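Tertiary structure, described
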Amino acid sequence: MNEKTKEILEKFYTEKYKNPEVKPLYRKEILDVNLTNISATELSELCLTLGDGCGTKTFGNLILYFSALYDYMIENGYVKVNPFKTYEMLSFHVLYKEFAEKSSLVILYKEDIENIIDLIEDDTKTDEKDLKVLLLRGFFEGIPYIEYFADMKCENIDYKNRVINVTKGVTNKFSKEFFDALKRYEENTQIILHYDNSNKKSEIECNRIRFNNHLLKYNNRTSRGEYSIETDKKYRAYILRNIRKQMKEIVEIVKKEYDFEFTISDLAISGFLNYVYNNTNNYRLFVETCMKYRPMELIYLGKMYGMKNAKRLKYTCYVYVYKSKWYQEFLLDKTIPDEEKEKYAYAVSYTHLTLPTIRLV
């Protein structure tokens, strides 16, 4: 353990944070190095080591924490410059590019979704198939967060025009396939919602009807027997748990068949990038929009799509764009000058990029 680094981190968290018990940089890999005397290359390697297995948000927060730490070190005379603001290799876009090459994040396409749905339909051990298909299509087509799914009500849905008010100020059009899945789900859940053994509705049945205006429903039976949901908070908590449960089962089905995993975030970001590509309809313009040269357009599309923190969306997209088939097509296009390709490779020769897209075939 490097005593100097330990001393700096202790002071940093004590003086700068209200809750000094939360110390994301207080890790063995960091405590073993001297942060006042480390090269940019070594610091870059350290960030990537710490980011191994992280999601894009966690990795982005790691970089921000590191940069804030070096600002503190400058204020207190430990160092003269913040390497994250001085060296290109420690800038957001370069670190994200390196993170992309090392990460296991995947981007999915429409044909992948259809293949996964076929797996769900064919899996005879899978319960609640209609809900699984609805969630899969919904996350891919424009419902970017589980909270949006949990809070959605039937009054937010225009069945005639296939339009959904996803959240405040965000209205998206969904495919016929999504609305077909929604119809099947609603028809089958009505059996659950209105089933009652007696002539008199129980308290549980009344509560089910109370929440019938929500898009996602709940069953009244678990392995522990019947239960009732009396409040909006309990309803929401149940729905969120059920979404995670259903998505976990989908991931397990895919892993069994194709030997790779994806997250809800992978699915939602993939859907968003497909949405961006449909708006640009050109892989060259798509790359420009998602990368460095049209960030405001990407942020605008992100807001229209309902993504949170749209200003930071471009950094998340860096990772996924490098995995996309459209970026590979851009790199392979012989009509695009090498100099232009190198702009997007950020000082790393595009010929050295080996980022095969995982395909479900």
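**Regarding the overall build of the protein**
- Helix and strand counts for the protein come out as 18 helices and 5 strands.
- Taking the intrachain contacts of the protein between residues at least 6 apart in sequence as the baseline, contacts between residues at least 24 apart amount to 62%.
- Carbon together with sulfur atoms contributes 49% to the accessible area of the protein, which is approximately 18,900 Å² in total.

**Things to note about the layout of surface pockets**
- Size it by volume and the largest pocket reaches roughly 1,000 Å³.
- Lining of the largest pocket is provided by 37 residues; of these, Thr56, Lys57, Ser265, Ile269 and Thr316 occupy positions nearest its centre.
- Counting only elements with at least two residues in the lining of the largest pocket, the list comes to helix 4 (56-75), helix 6 (92-102), helix 9 (146-151), helix 13 (264-280) and helix 16 (313-323).
- For the lining of the largest pocket, the class distribution of residues is 17 nonpolar, 11 polar and 9 charged.
- Within this model, the second largest pocket holds a volume of roughly 450 Å³.
- Lining the second largest pocket are 21 residues, with Phe140, Glu141, Lys173, Tyr275 and Asn278 sitting closest to its centre.
- Elements that contribute at least two residues to the lining of the second largest pocket include exactly helix 7 (110-122), helix 8 (129-141), strand 3 (170-173), helix 13 and helix 15 (295-305).
- Per-element accounting of the lining of the second largest pocket gives the leading share, 6 residues, to helix 13.
- Partitioned by chemical class, the residues of the lining of the second largest pocket number 8 nonpolar, 7 polar and 6 charged.

**A short note on the pattern of salt bridges**
- Evaluated as defined, the whole model comprises 17 salt bridges.
- Note that Glu249 and Lys132 form a salt bridge whose closest N and O atoms lie 2.5 Å from each other. Here Lys132 lies in helix 8 and Glu249 lies in helix 12 (residues 232-258), a separation of 117 residues in the sequence.
- For Glu249, a relative accessible area of 25% puts it in the partly exposed group.
- Residue Lys132 is classed as buried on the basis of its relative accessible area, which comes to 0%.
- The closest approach of N and O atoms between Lys255 and Glu261, which form a salt bridge, is 3.1 Å.

**Let's talk about the packing of helix 14 (residues 283-290) against helix 17 (residues 325-332)**
- With their axes 9 Å apart at the nearest point, helix 14 and helix 17 run at an angle of 115° to one another. Put simply, helix 14 runs roughly perpendicular to helix 17. Viewed along their axes, helix 14 and helix 17 form a crossing whose handedness is left-handed. Packed against helix 14, whose contacting residues are Tyr283, Arg284, Phe286 and Val287, the element helix 17 presents Trp326, Tyr327, Glu329 and Phe330 at the interface.
- Here the contact of helix 14 with helix 17 is composed, by residue class, of 6 nonpolar, no polar and 2 charged.

**A word on helix 14**
- Among the residues of helix 14, those classed as buried are Phe286, Val287, Glu288, Thr289 and Cys290.
- Looking at where helix 14 begins, the residue whose side-chain oxygen comes 2.7 Å from the main-chain nitrogen of Arg284 is Asn282.

**Let's talk about helix 1 (residues 3-16)**
- An ideal rise of 1.5 Å per residue puts 20 Å on 14 residues; helix 1 measures up with 20 Å between its terminal C-alpha atoms.
- Thr5, Ile8, Leu9, Phe12 and Tyr13 are the residues of helix 1 that are buried. Relative to the axis of helix 1, the buried residues are bounded by an arc of 120° and lie together on one face. Away from the buried face of helix 1 by more than 90 degrees, exposed residues Glu3, Thr14 and Glu15 are located.

**Topic: the pairing of strand 3**
- Of the two faces of strand 3, only one is covered, namely that formed by Val170 and Asn172; the face formed by Thr171 and Lys173 stays uncovered.
- Strand direction decides the pairing type here: strand 2 (residues 163-167) and strand 3, joined by 4 bridges, are antiparallel. In the sheet register, Val163 faces strand 3, and the bridge partner there is Lys173.
- Hairpin connection, strand 2 to strand 3: the antiparallel pair is bridged by 2 residues, and Gly169 has positive phi, about 85°.

**Focus on the packing of aromatic side chains**
- The final tally for this structure, using the stated rule, is 22 aromatic pairs.
- Centroid distance Phe59 to Phe99: 4.3 Å. Interplanar angle 5°. Geometry classified as stacked. Of the two residues, Phe59 sits in helix 4 while Phe99 sits in helix 6, which places them 40 residues apart along the sequence.
- Residue classification places Phe59 among the buried residues on the basis of a relative accessible area of 0%.
- In this structure Phe99 comes out as buried when scored by relative accessible area, which is 4%.
- Judged by centre distance (5.2 Å) and plane angle (85°), the rings of Tyr145 and Tyr148 are edge-to-face.
- Relative accessible area serves as the criterion here: at 14%, Tyr148 is assigned to the buried category.
- The structure contains a cluster of three or more aromatic residues connected by ring pairs, namely Phe59, Phe92, Tyr96 and Phe99.

Parameters and conventions
Residue indices follow the written sequence of each chain, beginning from 1 at its first position. Local features in a predicted model are, by the rule used here, given only for residues with pLDDT of at least 70; side-chain atom pairs are given and counted only at 80 or more, and totals for whole chains, interfaces and linings are based on all residues. Hydrogen atoms and water are omitted, and side-chain values are computed over all heavy atoms in the structure. Note on conventions: DSSP H or I runs of at least 4 residues are helices, E runs of at least 2 residues are strands, and numbering of each starts at the N terminus. The contact criterion used is simple: two residues touch if any of their non-hydrogen atoms lie within 4.5 Å. Values of accessible area rely on a 1.4 Å probe in the Shrake-Rupley scheme; residue burial ignores everything except the protein chains shown. Grid points spaced at 1 Å over the protein atoms alone were grouped into cavities, where a 1.4 Å probe fits but cannot get out, and pockets, open sets with protein on both sides within 12 Å along at least five of seven lines, with lining residues defined by an atom within 4 Å of a point. Grid points are joined across faces, edges and corners, and a volume is the space filled by probe spheres set on the points. Amino acid classes used here: Ala, Val, Leu, Ile, Met, Phe, Trp, Tyr, Cys and Pro are nonpolar; Asp, Glu, Lys and Arg are charged; the rest, including Gly, are polar. Salt bridge, as used here, is a side-chain nitrogen of Lys or Arg placed within 4 Å of a carboxyl oxygen of Asp or Glu. Classification of residues uses two cut-offs on accessible area relative to the type maximum, computed with a 1.4 Å probe and protein chains only: under 20% is buried, over 50% is exposed, and between them is partly exposed. The convention used is that axes are lines fitted to C-alpha atoms, helices contributing only their stretch in contact, and that angles between N-to-C directions extend from 0 to 180 degrees. For this classification, under 35 degrees means roughly parallel, over 145 means roughly antiparallel, 65 to 115 means roughly perpendicular, and everything else is oblique. For any helix crossing, the convention is left-handed if the near helix is rotated counterclockwise from the far helix by under a right angle, and right-handed if that rotation is clockwise. Side-chain atoms alone can form a polar contact between residues adjacent in sequence; in general such a contact is a pair of N or O atoms within 3.5 Å, and within protein one must be able to donate a hydrogen while the other accepts it. One less than the residue count of a helix, multiplied by 1.5 Å, gives the span that helix is expected to have. As used here, the arc belongs to the directions running from the helix axis to the C-beta atoms. Strands were regarded as paired on the criterion that DSSP finds at least two bridges between them. Working definition: rings of Phe, Tyr and Trp (its six-membered ring) pair if their centres are within 6.5 Å, and the pair is stacked with planes under 30 degrees apart, edge-to-face with planes over 60 apart, and tilted otherwise.

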